[in-house]
Amino acid sequence: MSLDYTSAEMMTVTAARALENGTTCFVGIGLPSEAANLARLTHAPDVVLIYESGTLQTKPDVLPLSIGDGELAETALTTVAVPEMFRYWLQGGKIDVGFLGTAQIDRYCNLNTTLIGDYREPKVRLPGGGGAPEIATNAGEVFITLKHSRRAFVDEVDFVTTLGFGRDGKGREGVPNIGKGPTRVITDLCVMKPDPETRELVVVSLHPGVTPEQVQEATGWEIRFAEVLENTPEPSEKELEILRELKARTERAHAGQ
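In this report, the structure presented in the accompanying data block is examined.

**Quick look at the packing of aromatic side chains**
Next up, step 1: Applying the stated criterion across every chain yields a total of five aromatic pairs.
Next up, step 2: Judged by centre distance (5.9 Å) and plane angle (50°), the rings of Phe26 and Phe86 are tilted. You can see Phe26 sitting in strand S1 (residues 24–27) and its partner Phe86 sitting in helix H4 (residues 82–90), a full 60 residues away along the chain. Each member of the pair, Phe26 as well as Phe86, carries the same accessibility label: buried.
Next up, step 3: Look at Phe153 and Trp221: their rings are 6.2 Å apart centre to centre, the planes differ by 40°, and that puts the pair in the tilted class. Residue Phe153 is found in the loop between strand S10 (141–145) and strand S11 (182–186), and its partner Trp221 is found in the loop between helix H6 (212–217) and strand S14 (224–231); the two are separated by 68 residues along the sequence.

Below, the structure is given as structure tokens:
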């Protein structure tokens, strides 16, 4: 019997499943943090979670509000200086997966977290890149998770904060990067992966009940679909139970209860 779950829960569970046990993961705040901690609490108890503030192998009981949340330092194996985090751990090639979110993404996985609109007169200013540009360049591979809409999936990002594969899909060619760059994008509708040749995003899996038409309607360009589309497995009862308790625990903690 099919379980009752939301599209957001479907996205988080699917993203969590992408992390293998024992992986060293550089985690972004928000949806990536939710997915990475769900993985740690379910199938990947030995995943090593690292946050930008310098917390190594942290095991938060509740989801952090920011990279400076005390919960991360209190539950970490150790905490190192930010320069060491980036220069030794990240740029030294010791991170398997970078898990990122974004405000905008285009067909070549370029990410925008800087602004919406014209650079000189933006409609909205966003938080900026933080460590995402370095993570996308130096991690072994990058997973991206965000909600699917035309506001987020645009033909061209307004600003390239974090390089995917460049405006033409060739931005990483001939550049001595350690990592592969983005290898999958997980949304509340589907899973996408870059085409091995063109680097353009291709839908490879549809979540239960989602149609190709729905994905196209939520995408700002003519999205490509794999010749054989897979069906994303539904969340299990155990995964939903653990995710819901994690979020409830987080809400209580942040409310001071």
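From this point, things continue past the structure.
**So, the environment of Asn112**
Next up, step 1: Secondary-structure assignment places Asn112 in strand S7 (residues 111–112).
Next up, step 2: For Asn112, a relative accessible area of 0% corresponds to the buried category.
Next up, step 3: Along the primary structure Asn112 and Val202 are separated by 90 residues, whereas in three dimensions their C-alpha atoms are 20 Å apart.
Next up, step 4: A distance of 2.7 Å separates a polar atom in the side chain of Asn112 from the backbone oxygen of Leu115.

**Structural notes on the pairing of strand S5 (residues 97–100)**
Next up, step 1: Going residue by residue along S5, you find Val97 and Phe99 tucked away on one face and Gly98 and Leu100 tucked away on the opposite face as well.
Next up, step 2: In this sheet, S5 lies alongside S1 in parallel orientation, the contact comprising three bridges. Counterpart to Val27 in the pairing with S5 is Phe99.
Next up, step 3: Across four bridges, the pairing between S5 and S10 is parallel. Along S10, the bridge assignment pairs Phe99 with Phe143.

**Notes on the nonpolar core**
Next up, step 1: Counting 36 residues, the largest nonpolar core has Phe26, Ile105, Phe153, Val185, Met192 and Val215 as the members making the most contacts within it.
Next up, step 2: Of all elements in the fold, only strand S2 (48–51), H4, helix H5 (132–138), S10, strand S12 (190–194) and strand S13 (201–206) reach the threshold of two or more residues within this core.
Next up, step 3: Once residues lying within four places of it in the same chain are set aside, the contact partners of Met192 are His148, Phe153, Thr183, Arg184, Val185, Thr187, Leu201, Val202, Val203, Val204 and Ile223.
Next up, step 4: Counting residues in hydrophobic clusters, the runner-up holds 24 residues, among them Met11, Ala35, Val47 and Leu72.

**Section: the packing of helix H2 (residues 31–41) against helix H7 (residues 237–254)**
Next up, step 1: Between H2 and H7, the shortest axis-to-axis distance is 10 Å and the interhelical angle comes to 125°. The orientation of H2 with respect to H7, classified from their angle, is oblique. Seen along the crossing, H2 lies across H7 with a hand that is right-handed. Contacts between H2 and H7 involve Glu34, Asn37, Leu38 and Leu41 from the first element and Glu239, Ile242, Leu243, Leu246, Lys247 and Arg249 from the second.
Next up, step 2: Looking at the contact of H2 with H7 residue by residue, the class counts come to five nonpolar, one polar and four charged.

**A word on the pairing of S14**
Looking down a regular strand, the side chains alternate between one sheet face and the other.
Next up, step 1: Buried residues are scarce in S14, accounting for zero of its eight residues.
Next up, step 2: Summarising the sheet, S13 and S14 pair through four bridges and their orientation is parallel. Bridge pairing links Val203 to Phe225 in S14.
Next up, step 3: In this view, the connection linking S13 to its parallel neighbour S14 by way of H6 has right-handed handedness.

**A closer look at the environment of Thr78**
Next up, step 1: With respect to the helices and strands, the residue Thr78 is situated in strand S4 (residues 78–79).
Next up, step 2: Between the C-alpha atom of Thr78 and that of Gln57, which follows or precedes it by 21 residues, the distance is 7.4 Å.
Next up, step 3: The residues touching Thr78, leaving out its near neighbours within four places in the chain, are Gly54, Thr55 and Leu56.

Definitions and limits used
Residues numbered from 1 in each chain as written. Predicted model: local features only at pLDDT ≥ 70, side-chain atom pairs only at ≥ 80, totals over all residues. Heavy atoms only, no water. Phe/Tyr/Trp six-rings, centres within 6.5 Å; stacked < 30°, edge-to-face > 60°. Helix = DSSP H or I, 4+ residues; strand = E, 2+ residues; numbered from the N terminus. Buried < 20%, exposed > 50% of the residue type's maximum accessible area, 1.4 Å probe, protein only. Polar contact = N/O pair within 3.5 Å; in protein donor to acceptor, adjacent residues only side chain to side chain. Pairing = 2+ DSSP bridges. Core = buried A, V, L, I, M, F, W, Y, C linked by side-chain atoms within 4.5 Å. Contact = heavy atoms within 4.5 Å. Axes fitted to C-alpha atoms, helices over the stretch in contact; angles between N-to-C directions. Parallel < 35°, antiparallel > 145°, perpendicular 65-115°, else oblique. Left-handed = near helix turned anticlockwise from the far one by under 90°. Nonpolar A, V, L, I, M, F, W, Y, C, P; charged D, E, K, R; others polar. Right-handed = clockwise from strand over helix to strand, strands pointing away.

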